[in-house]
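What follows is each chain in one-letter form.
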Amino acid sequence: MTGAWVALALAVLEVVGLWLSWTANRLDRMHHRIDVARGTLDAELLRRSGAALEIASSEALDPPSRLLLLDAAHEARSAEGGGLELAESQLSQALRAVFERPEDVAELRRDPAVVPLVGELAEHCVKVELARRFHNDVVVSARALRSRRRVRWFRLAGHAPPLRTVDLDDVPPPGLG
Amino acid sequence: MRVGIVCPYSLDTPGGVQNHVRDLAEALIGLGHDVSVLAPSESDDLPAYVVPAGRTVAVPYNGAVARMSFGPVASARARRWLNEGGFDVLHLHEPATPSLSLLALWAAEGPVVATYHSAHPRSRALSATAAVLRPSLEKISARIAVSEDARDTQVSHVGGEPVVIPNGLYVDRFADAAPRPEWRGEQGTLAFVGRLGEPRKGFALLAEAFGRLAVDRPGLRLLVVGGGDVRQAAALVPGPVRDQVGFLGPVDDADKAAVLRTADVYVAPNTGGESFGIVLVEAMAAGATVLASDLPAFRRVLEDGRCGLLFRSEDADDLAGRLADLLDDPDRRAALDEQARTVVRRYDWSSVAERVVHVYETVVRA
């Protein structure tokens, strides 16, 4: 009789163990996805500021607009840590100020040399927004999982740092839509 | 001469550059020149010589959010103003910012004069922005700085030799201000202008010297103009004579002129940090005798004591002694005031505008 009970207890323990390790795996995969998403976002931000620098360095725009974009893009590219979100949001603001009106952008596009620059900038403005949303989505689901009792009790997240969403004003310029 | 002036900042808000542009334009018109000012503004109530260039947009730039003019609309307006103006010379203020001045410079073809007002540290992105600015800035034939500091900023950013032409003032606005009998002291009236609680303005030194003089002169009054913590400043004045000091706070230009006009002696006890001392000239214009610390800038303005008295900087004894001498010697004051009256004419907008016209003539002829 005792042998059966022991066998049953062992079986339950094994099921619980499997379940916990499956949860830990899920969490691990999420952490990995967050790293990948963050990498994508950083790359998109770099591409966007790069495209802004490129159009500002061309002679397509008036000098004050070029100054604004150069300044904001440089700030964004050299920002670190906590300053990054502010600097990138300010770049978004500067981009919206310069590319506010669709008719001005249409005028810019009349120069064939400028068309690819505008196209690239428009594309990366949109992609930054997408990358930020996808990143934050994973962060939110991983946070939900990490707040579960089993994860906290068994310390399944190990020493992973707390998860932070990226808060960024990344509304693309209306004129580039 | 037909002169086109561009002001980068909105005339709808107060500011040093805006005042400068307005005063200069009026002085040039007074000298018989034909002046048009292009400036951001959405107001309907503008002087006849102003052409409004519309709105500005708030954008982050160089670490702050500033109101700027840029883009095709502002650009087209600047171009149209230039085409219709047919100016002999274009005079831009602060052209190295994302402003109307830079837009006008971009479109300019004739002789260009630029005036730099601010003394600012290098922009972090300057190395990159310099490349954008260079082709436009190369069109500038003459550079003016309004102060030594602004000049040094220019020299360190782009080199070269800008000339310094300081801000002018309208001498008559001070000379013709009405004195206020209710502010006057029977045994003399002193005036001080400067932000309270800023040690380099030297109010503490004046409070100490005044305390020594005023105990024996119950009819002596001190008028203090300037923002800051009045209670803290009043505590610096010895108790028995505290009610002989009138703290007027930050007053407008008309009241400042009235204070200086009411005062017998204007005291400038500054201990440093002054590059020019326009308020000394204002005091002289209003007919107050100036007693100032012997800082190099003040020494220059007062011509080594010819048109105002100097005391040893940071020496309250010397200040009190000289102050007593001046108060007791009306003839001495009259002689200094006589000198001062002729000297201040040099700082009047009419003379300053003439110096600016000399700059115009040099570049137009070239």
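Residues numbered from 1 in each chain as written. Chains lettered and ligands numbered in written order. Predicted model: local features only at pLDDT ≥ 70, side-chain atom pairs only at ≥ 80, totals over all residues.

Explain the environment of B:Leu92 to me, using residue names and the numbers behind them.
All names here are of chain B. Residue position: leucine 92 is located in strand β6 (residues 89–93). With 215 residues separating them in the primary sequence, leucine 92 and cysteine 307 have C-alpha atoms 35 Å apart. Setting aside residues no more than four positions away along its own chain, leucine 92 makes contact with Val6, Ser101, Ala104, Leu105, Val112 and Ala114. (Helix = DSSP H or I, 4+ residues; strand = E, 2+ residues; numbered from the N terminus. Contact = placed C-beta atoms within 7 Å.)

Explain the nonpolar core to me, and be specific about the residues and the numbers.
One recurring pattern in soluble globular proteins: nonpolar side chains tend to sit buried together. In this structure, A:Leu68, B:Ala104 and B:Leu280 are the most contacted members of the largest nonpolar core, which totals 148 residues. Looking at which domains feed residues into this core, each of domain 1 (2–168 + 348–365) and domain 2 (172–347) of chain B supplies at least three. Discounting chain neighbours no more than four positions away, the residues touching A:Leu68 are A:Ala94, A:Ala97, A:Val98, B:Val59, B:Tyr61, B:Met68, B:Phe70 and B:Pro98. (Core = buried A, V, L, I, M, F, W, Y, C linked by C-beta atoms within 7 Å. Buried ≥ 20, exposed ≤ 12 C-beta atoms within 10 Å, placed from the backbone. Domains from an automatic or database assignment.)

An account of the domain arrangement of chain B is requested, with residue identities and associated values reported.
In many reports, interface size means the accessible area that the parts give up when they come together. Residue and element names in this part refer to chain B. Parsing chain B into structural domains produces domain 1 (2–168 + 348–365) and domain 2 (172–347). Just the C-alpha atoms count here: the centres of domain 1 and domain 2 sit 35 Å apart. Only α5 (148–158) and α14 (349–365) provide two or more residues apiece to the side of domain 1 that touches domain 2. Grouping the amino acids of the side of domain 1 that touches domain 2 by side-chain chemistry returns 2 nonpolar, 4 polar and 3 charged. (Nonpolar A, V, L, I, M, F, W, Y, C, P; charged D, E, K, R; others polar.)

Which residues make up the sheet that holds strand β14 (residues 289–293) of chain B, and what values go with them?
Whether parallel or antiparallel, the strands of a sheet pair through hydrogen bonds between backbone atoms. Residue and element names in this part refer to chain B. In space, the 6 strands of this open sheet follow the order β12-β11-β10-β13-β14-β15, with parallel pairing throughout. Each having just a single partner strand, β12 (245–249) and β15 (309–311) make up the two edges of the open sheet. Taken over all neighbouring pairs, the strand axes of this sheet differ in orientation by 20 degrees on average, direction set aside. Where strand β10 (residues 189–193) meets strand β11 (residues 221–225), 5 bridges bridge the pair, whose relative direction is parallel. By the bridge assignment for β11, alanine 191 is matched with leucine 223. (Pairing = 2+ DSSP bridges. Axes fitted to C-alpha atoms, helices over the stretch in contact; angles between N-to-C directions.)

Break down the pairing of strand β5 (residues 64–68) of chain B for me, citing the residues and quoting the values.
All names here are of chain B. Pairing of strand β4 (residues 57–61) with β5, which is carried by 5 bridges, proceeds in the antiparallel orientation. Within β5, the residue paired with tyrosine 61 across the bridge is alanine 64. In this antiparallel pair of consecutive strands, β4 and β5, the connection spans 2 residues, and asparagine 62 shows a positive phi of 50 degrees.

Talk me through the packing of helix α7 (residues 203–214) of chain B against helix α12 (residues 316–328) of chain B; I want residue IDs and the actual numbers.
If you want to describe how two helices pack, look at the angle between their axes and the distance between the axes. Residues and elements named next belong to chain B. Two elements in contact, α7 and α12, have axes whose closest approach is 9 Å; the angle formed by their N-to-C orientations is 50 degrees. As the angle between them shows, α7 and α12 are arranged oblique. Considering only the axes of α7 and α12, their crossing is right-handed. Together, Leu205, Glu208, Ala209, Arg212 and Leu213 of α7 and Ala316, Leu319, Ala320, Leu323 and Ala324 of α12 make up the contact between the two elements. Along the lines of polarity and charge, the residues of the contact of α7 with α12 split into 8 nonpolar, no polar and 2 charged. (Parallel < 35°, antiparallel > 145°, perpendicular 65-115°, else oblique. Left-handed = near helix turned anticlockwise from the far one by under 90°.)

Describe helix α1 (residues 16–30) of chain B, and please don't skip the residues or the numbers.
Residues and elements named next belong to chain B. Under the 1.5 Å per step criterion, the end-to-end length of α1 is 21 Å for 15 residues, consistent within 8% with the ideal 21 Å. Among all positions in α1, only Gln18, Val21, Leu24, Ala25, Ala27 and Leu28 are buried. Taken together, the buried residues of α1 touch β1 (2–6), β2 (34–39), β6 and α14. Looking one or two residues past α1, glycine 32 carries a phi angle of roughly 95 degrees, positive in sign. (Expected span 1.5 Å × (residues − 1).)

Could you give an account of the sheet that holds β6(B), naming the residues involved and the relevant values?
Residue and element names in this part refer to chain B. Overall, parallel pairing links the 7 strands, which are arranged β3-β2-β1-β6-β7-β8-β9 in an open sheet. Looking along the sheet, the strands with just one partner apiece sit at the ends: β3 (50–52) and β9 (163–164). The pairing of β2 with β3 spans 3 bridges and is parallel. In the sheet register, leucine 38 faces β3, and the bridge partner there is valine 51. With respect to the sheet, helix α3 (residues 100–107) is in contact with β1, β2, β6 and β7 (112–116), its orientation differing from that of β6 by roughly 150 degrees.

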